[in-house]
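Coordinate inspection notes
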Amino acid sequence: MTSADLDRDYVWHPFTQMRDWNAPSHTPLVIIEGRGALLKAEDGREYLDGNSSIWTNLHGHRRPEIDQAIRDQLDRIAHSSFLGLTNDVAARLAGELVEVTGMRDAKVFFSDDGSTAMEAALKMVFQARVQRGEKARTTFVSLGNGYHGDTVGAMSAGHSPIFHAAYRPLLFETREVMSPACYRCPHNRAEPVRGTDARASRKCQWECIDELTSALDDLGDAASALAMEPRVQGAAGMTMHPHGYLGKAATACRERGVWLILDEVMTGFGRTGAMFAFQHEEMVPDVLALAKGLTGGYLPVAATLASREIFDAFLGEFGELKTFFHGHSYTGNALGCAAASANLKIFETEKTLQKNVVLEQALGRHAAKFWDHPKVGDVRQEGMICAIEIVNNFKTRQSFSFADRIGHRICEAARAHGLISRPVGDVLVLMPPYCVTENQIAQMVEALWLGLNEILPL
């Protein structure tokens, strides 16, 4: 049997309508190899990795330094329990994360992926409030269209109509406030202008902050923490916030004794231009969730960094049961932590953030051509994240029907031109790994442009 046949017979894919996947007319693309920004399929064709293998890969596939770090660790030990034990690589990585984030005195809790990093964040905040005697502070506040993962707690902090609707009866109640996403903000009175990011042309008085502060004031002592993705909400459609929102939100939380949980699962490790998105606005969160790029796209490791204030709430006598009763079998996995440390080292040795400035400019310069298409409503960019929103009507920002699958069809068409990318609804996304060349960026944009024009001809 071929790999495609085996897949059809035995595999259930995430976020995939399996009736379509298993249809006789569909041939799954089987990836067997990768190098740099390229992926090789079983049929011998090569594709540009336009979404960094679902936003995880930073420095490219088969990166020698990370490969070697994993080999070296394999010669010692692959995994040992983190319950009642520790290991040298996890302890070293924790120190490196505290240093690179600037979260002085923070403690690092390891888990497996973005969902579990956020699940740990929510649970530790809830338990800390109780153990500090703040039993009324039980309500989490989060942004509209938010997505923080697929575990029950992480879904509860999210407000995605598509991803969460089926599970709504399982979720605990949280307070939703408007997303500061300028393109579809009800308070953005600016007419759409071609060639202009909606954030640059917005006309508003920070009503998004007013709604947040009103919600916090309404909740009063019931407000526990604000959970949000800073600057860019990924699964919401790469919606991008006006610069300054995060700082204002952090100030509003601090003034009211509300903790701030930042989900940097997608935005962390250089994606927005800074090492972490919150560093653009000179503030520090109380809790920080990291995953995806943490290991450079190699192994599933996540980390939740918590302030000393939160950590101290768990210190007590054994019989007081203040322990954080939460964990994972593969917490502190040595192979994953070795990969993560090697990944962080590359940022230093290659001066990745400085180098990426040139790539960011090239991405923006080439992607500007999408403004020439009448069905493109917005082209927005933060660092190495570029989003092209497809609309049925430019002036009204009217979307296509979800059932039309416009974004999906465009990306399928672009695949024939050598690009692998995955849309978020009708938002096309280019998020290449940092090893990409300017020429490869141009090829990615051209492939997506050709796919767009095949589905929606000029």
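Presented here is a report on the structure given in the accompanying data block. (Residues numbered from 1 in each chain as written. Predicted model: local features only at pLDDT ≥ 70, side-chain atom pairs only at ≥ 80, totals over all residues. Heavy atoms only, no water.)

**Side note on the overall build of the protein chain**
- Check the secondary structure of the protein chain and you find 15 helices and 16 strands.
- Computed over C-alpha atoms, the radius of gyration of the protein chain comes to 22 Å, within 12% of the 23 Å expected from 2.2 N^0.38 for 458 residues, which places it in the range of a compact globule.
- If one aligns the C-alpha atoms of the protein chain with their principal axes, the spans along those axes are about 70 × 60 × 45 Å.
- Of all 458 residues assigned to the protein chain, the portion counted as buried reaches 55%.
- Of all intrachain contacts in the protein chain linking residues separated by at least 6 positions in sequence, the fraction that spans at least 24 positions is 71%.
- Working note: accessible area of the protein chain is about 20,100 Å², and carbon and sulfur atoms make up 53% of it.
- Taken together, the 46 basic and 56 acidic charged side chains of the protein chain have centroids lying 3 Å from each other. (Helix = DSSP H or I, 4+ residues; strand = E, 2+ residues; numbered from the N terminus. Rg over C-alpha atoms; globule rule 2.2 N^0.38 Å. Buried < 20%, exposed > 50% of the residue type's maximum accessible area, 1.4 Å probe, protein only. Contact = heavy atoms within 4.5 Å. Areas by Shrake-Rupley, 256 points an atom, 1.4 Å probe, with all protein chains shown as cover. Lys, Arg positive; Asp, Glu negative; His and termini not counted. Charge placed at Lys NZ, Arg CZ, Asp CG, Glu CD.)

**Let's talk about empty space enclosed by the protein**
- Throughout the structure, instances matching the rule amount to two cavities of 30 Å³ or more.
- The volume enclosed by the largest cavity comes to roughly 80 Å³.
- Around the largest cavity sit 13 residues that line it, and C182, C185, R202, C204 and C208 are the ones nearest its centre.
- In terms of residue class, the lining of the largest cavity is built from nine nonpolar, two polar and two charged.
- Considered as a void within the structure, the second largest cavity measures approximately 70 Å³ in volume.
- The wall of the second largest cavity is formed by 14 residues, among which P192, V193, A198, S201 and R397 lie closest to the centre.
- Classifying every residue of the lining of the second largest cavity gives seven nonpolar, four polar and three charged. (1 Å grid on protein atoms, 1.4 Å probe; cavity = no way out; pocket = protein on both sides within 12 Å on 5 of 7 lines; lining within 4 Å. Points joined across faces, edges and corners; volume = space filled by probe spheres on them. Nonpolar A, V, L, I, M, F, W, Y, C, P; charged D, E, K, R; others polar.)

**What about the pattern of salt bridges?**
- One pass over the full model with this rule turns up 29 salt bridges.
- Measuring nitrogen to oxygen at the nearest pair gives 3.6 Å for the salt bridge that ties D105 to R104.
- Residue classification places D105 among the partly exposed residues on the basis of a relative accessible area of 45%.
- Given the relative accessible area of 70%, R104 is considered exposed.
- A salt bridge links D197 to R199, with the nearest nitrogen and oxygen atoms 2.7 Å apart. Considered together, D197 and R199 belong to a single accessibility category, that of buried residues. (Salt bridge = Lys/Arg side-chain N within 4 Å of Asp/Glu carboxyl O.)

**Some words on the nonpolar core**
- Within the largest apolar cluster, 83 residues are counted, with the highest numbers of intra-cluster contacts made by L97, Y245, F269, F370, I388, I390 and L448.
- For this core, the element with the most residues is helix α15 (residues 438-455), which contributes seven residues.
- Counting 26 residues, the second-largest nonpolar core is a separate cluster that includes F109, M124, V125 and A128. (Core = buried A, V, L, I, M, F, W, Y, C linked by side-chain atoms within 4.5 Å.)

**A few points about the sheet that holds strand β1 (residues 31-35)**
- Sheet architecture is open: four strands sit in the order β1-β2-β3-β15, paired in mixed fashion. The sheet is open, and its two edges are formed by β1 and β15 (419-420), each paired on a single side.
- Direction of pairing for strand β3 (residues 46-49) relative to β15: parallel, over a ladder of two bridges. Paired with L48 across the bridge in β15 is L419. (Pairing = 2+ DSSP bridges.)

**Examining helix α4 (residues 64-74)**
- Every buried residue of α4 is listed here: I66, D67, A69, I70 and Q73. All buried residues of α4 lie within an arc of 160° about the axis, which places them on one face of the element.
- Tucked inside the fold, the buried residues of α4 contact α5 (88-101) and α12 (334-349). (Arc of directions from axis to C-beta.)

**Examining the packing of aromatic side chains**
- Taken as a whole and judged by the stated rule, the model has ten aromatic pairs.
- When the ring of F15 is compared with that of F163, the centres are 5.2 Å apart and the planes differ by 75°; the resulting orientation is edge-to-face. With F15 in the loop between α1 (3-10) and α2 (18-21) and F163 in helix α8 (residues 161-164), this pair connects stretches of sequence that are 148 residues apart.
- Ring pairs connect the aromatic residues F15, Y147 and F163, which therefore count as one cluster.
- We note R194 situated over the ring of F394; from NZ or CZ to the ring centre the distance is 3.9 Å. (Phe/Tyr/Trp six-rings, centres within 6.5 Å; stacked < 30°, edge-to-face > 60°. Lys NZ or Arg CZ within 6 Å of the ring centre and 35° of its normal.)

**Notes on the layout of surface pockets**
- There is about 620 Å³ of room inside the second largest pocket.
- In this structure, the second largest pocket is lined by 23 residues; those nearest its centre are F109, F311, T323, F324 and H326.
- Those elements that provide at least two residues to the lining of the second largest pocket are β4 (107-111) and α11 (308-312).
- Counting residues per element, the lining of the second largest pocket draws most heavily on β4, at four residues.
- Taken together, the residues that form the lining of the second largest pocket break down as 13 nonpolar, seven polar and three charged.

These results come straight from atomic positions and should not be treated as a statement about function.
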